[in-house]
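Coordinates in review
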Amino acid sequence: MQTEADYYALFEAYQRGELAAGARADLEARLSADPRLHQRYTEFEELTGTLRAYGERRRTRQTINALHTAMLAAEEAPADMEEKQAEGLSYSVNPRLSISRTERRLREFWSGHRATMGVAASVAVLAVFCTLLGLDLWRATTAAPASGLRELRGEVARITRRTDALTRKVNNVTGTIESVAPVRVNKYSGTGFALTADGYLVTSAHVIKGADSLLVESRDHRRYHAETVYADRKHDLAILRIKDRNFKPFTKLPYTFKAGQADLGERVYTLGYPREDVVYGEGALSARSGYDGDTAFYQVSIPLNPGNSGGPLLDGQGNLIGVVSSRQDDVLGAAFATKSSYLVRLVDSLKNKQPVQPYHLPRANQLAGAGRPQQLKRLQDFVFVVKVYE
Amino acid sequence: MDSTTALAADAQLIRAIQGGDERALSQLYRLHWPMVSHFVLQNSGTEDDARDVYQEGVMVFYEKVREGSLELSCQIKTYLYAVCRRLWLKRLTTKSRLHGVRLLDDDDYGPYLNTGAEDDLHEAEERDRRFATMSEALTHLGEPCRSLLEGFYLLDKSMQDLTAEHGYTNADTAKTQKYKCLTRLKKLFFASYKEA
């Protein structure tokens, strides 16, 4: 009885051709006759074949590994040679970029992930900008009027346009269609008052904001074109100059400008044009700082309306102590006026700038001691409607 | 280089490799490494990945050439590119959870689908599996059988050397031992190879 190992010995001898001719023929006959033996032989062949191939594979792998290391070494070697050559030539031919290990890693990382990083970065940037813009927009829509500060310039145009539309409708209905020439209506209006006798006026900066042209109208309906000389948004002050040729200088101004601060509790009054006619308002100086603690402003307890902006604020002696600016909607009876000291300082600074006409601020106060109605009579000629066209 | 001269050069190279010229293999290896390395690096692989993939690809090519069963319908460059591309794609899909892996291809390496690389790769995979099973069977075989068989079949040592190495009294005992080991290996190998 032959064991499997014995058969293997036989097979191996057969494969190597070491068998004698008789034994060989004998085995071949048995292989073709006996299928079990034949299968055993194929298995043997497969096994040894696989083993040999496996050995071959391992050798190949080693060879290729060696090739790789040799290649890497060869890549570095020419660099050295080139350097040596360069030394000989004493200047470097085609200098080779030598890259450090970390830098190569970084480059690999970059080339592998640059698409992802690009997308991530752009998303981040986009997100940041969206957030910022969104926040800004949100704040603008919700918080802007929430300051509660209302600038008191009258929005005339809106009202007038509505009235116009009504009139047109009525005309249509009654059938008496008149061709009305389109009248250019001023968009905003405010109040202004004379700064000097020769045509300088003061009003609030927000009144003339975005103005194309300005028209100044006195109580006796005389109109003058005016131009902006200077606007100070921060203190809400603007200086205008009447530019009409036929403008005759005013008579002497009856009031003076107070350079210092007014006292708390002082009785104060203003004249202004919140509507067609001049309107008088009276109250007291209730605080020496304005909205949000702004020291450039007084708080006064005068009921004020849109259109009052830019009006003069005077004390009982007829000293001009402020320029009406705004009111706080959510607080009862709180209006704000720019302190006259800022106006005086502004005029002083403008004097240095070689104005067209020099500023001659009034020196003498003609209102002191007079009764209020007398004061107003003299004052009202120097208070104007400022009409703003856009 | 136009394609006919390229093909002629390729044929020459293949003949040299088939004849066992190691310098030819080295030349081939150096020639196409930049292409594959660039491809793998561009598709989120590292230098090491590139080396593995390239060696695998060259192995497939080399074994086919040695067997003499390579039927090349394109340039070696294209063939290698196709093989390595396929290999890297496979690795990527197993590595990443994303199913749709898209590769950035270099257009100048041409059509890679009709290179016959797919079939060769299947063949190579089958062979890999067989070798893996064999390696496992050899590990399970234990000493001294393993070193005996490895010495004889894998490292091509002579029976005399092995007799001395393992301390057998003569070559015949070593041979008997070898055949016994072979029968055990057969059981281990076919058991796991057939079931897999």
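Residues numbered from 1 in each chain as written. Chains lettered and ligands numbered in written order. Predicted model: local features only at pLDDT ≥ 70, side-chain atom pairs only at ≥ 80, totals over all residues.

Re unusual backbone geometry
Residues and elements named next belong to chain A. Selection criterion: Every C-beta atom is placed from the backbone, and the number of other C-beta atoms within 10 Å of a residue's own sets its class: buried at 20 or more, exposed at 12 or fewer, partly exposed in between. Only DSSP runs of H or I covering at least 4 residues are called helices, and only runs of E covering at least 2 are called strands; the numbering of each starts at the N terminus.
Backbone geometry at Asp236 places phi at a positive 55°, although glycine is not the residue there. On the basis of neighbour counts, which here come to 28 C-beta atoms within 10 Å, the residue Asp236 falls in the buried class. Non-glycine residue Asp292 carries a positive phi angle of around 65°. Structurally, the position occupied by Asp292 is in the loop between strand S10 (279–287) and strand S11 (297–300).

Some thoughts on the interface of chain A and chain B
For clarity, the threshold we go by: Throughout, a pair of residues is in contact if the C-beta atoms placed from their backbones lie within 7 Å. Gly counts as polar in this scheme, as do all residues outside two lists: the nonpolar Ala, Val, Leu, Ile, Met, Phe, Trp, Tyr, Cys and Pro, and the charged Asp, Glu, Lys and Arg.
Between chain A and chain B, the contact holds 26 residues from the first and 34 residues from the second. Counting only elements with at least two residues in the side of chain A that touches chain B, the list comes to helix H1 (4–16), helix H3 (35–89) and helix H4 (101–143) of chain A. Element by element, the count of residues in the side of chain A that touches chain B is highest for H3(A), at 18 residues. Counted by class, the side of chain A that touches chain B contains 10 nonpolar, 9 polar and 7 charged residues.

So, the confidence of the model for chain A
Segments scoring low in pLDDT should not have their predicted coordinates read at a detailed level. Residue and element names in this part refer to chain A. As a reminder of what qualifies: The quantity called pLDDT is the predictor's confidence in a given residue, expressed from 0 to 100.
Per-chain confidence: chain A averages 81 in pLDDT, with 88% of residues scoring 70 or above. Predicted confidence is poor over residues 82–95, with pLDDT under 50, and the contacts of this stretch with residues over four places away or in other chains come to 3 contacts. Below a pLDDT of 50 lies the segment residues 177–182, which in the model reaches 3 contacts outside its immediate sequence neighbourhood of four places, other chains included.

Details of helix H6 (residues 340–351) of chain A
Residue and element names in this part refer to chain A. Note the following rule: In this analysis, the expected span of each helix is defined as 1.5 Å times one less than the number of residues it contains. The arc in question is the one traced by the directions running from the helix axis out to the C-beta atoms.
Here H6 is 12 residues long and its end C-alpha atoms lie 17 Å apart, about the 16 Å a rise of 1.5 Å per residue gives. When we look at burial in H6, the residues that qualify are Ser340, Leu343 and Val347. Angular distribution of buried residues about the axis of H6 spans 50°; they occupy a single face of the element. Exposed and oriented more than 90 degrees from the buried face of H6 are Asp348 and Ser349. Looking at the packing, one finds that the buried side of H6 touches strand S4 (200–203), strand S7 (237–242), strand S8 (256–257), strand S13 (319–328) and strand S14 (335–339).

So, the nonpolar core
Inside soluble globular proteins, nonpolar side chains tend to come together where they are buried. Convention followed: Put simply, a nonpolar core is buried Ala, Val, Leu, Ile, Met, Phe, Trp, Tyr and Cys residues tied into one set by C-beta atoms within 7 Å.
Core analysis: the largest hydrophobic core is formed by 55 residues, its most contacted members being A:Leu201 and A:Ala337. When sequence neighbours within four positions are dropped, the list of residues in contact with A:Ala337 reads A:Phe297, A:Tyr298, A:Val300, A:Leu313, A:Gly322, A:Val323, A:Val324 and A:Ser325. With 30 residues, the next largest nonpolar core counts B:Phe39, B:Ala50, B:Phe61 and B:Val83 among its residues.

Quick word on the pairing of S7(A)
Residue and element names in this part refer to chain A. Rule in force here: Note on pairing: DSSP must find at least two bridges between two strands before they are called paired.
Taking burial as the measure, the 6 residues of S7 include 6 buried ones, the bulk of the element. Residues Leu237, Ile239 and Arg241 point to one face of S7 and Ala238, Leu240 and Ile242 to the other, with burial holding for every one of them. In this sheet, S7 lies alongside S4 in antiparallel orientation, the contact comprising 4 bridges. If you follow Leu201 over to S7, its bridge partner there is Leu240. Of the strand pairs in this sheet, strand S6 (residues 223–232) and S7 are connected by 6 bridges, and their pairing is antiparallel. In the strand pairing of S7, Asp232 is matched with Leu237. What sits between S6 and S7 in their antiparallel hairpin is a turn of 4 residues, with Asp236 showing a positive phi close to 55°.

A closer look at the packing of helix H4 (residues 76–95) of chain B against helix H5 (residues 117–141) of chain B
Residue and element names in this part refer to chain B. Note the cut-off: Helix axes are fitted only over the stretch in contact, all axes being lines through C-alpha atoms; the angle between N-to-C directions runs from 0 to 180 degrees. Reported orientations rely on four angle classes, namely roughly parallel under 35 degrees, roughly antiparallel over 145, roughly perpendicular from 65 to 115, and oblique for the rest. By definition, any crossing whose near helix is turned counterclockwise from its far helix by less than a right angle is left-handed, and any crossing with a clockwise turn is right-handed.
Contact pair H4 / H5: the axes reach a minimum separation of 9 Å and the direction vectors enclose 55°. Classified by the angle their axes make, H4 and H5 are oblique. The way H4 lies across H5 gives a crossing that is right-handed. Residues Tyr79, Ala82, Val83 and Arg86 of H4 lie in contact with H5, whose contacting residues are Ala117, Glu118 and Leu121. Looking at the contact of H4 with H5 residue by residue, the class counts come to 5 nonpolar, no polar and 2 charged.

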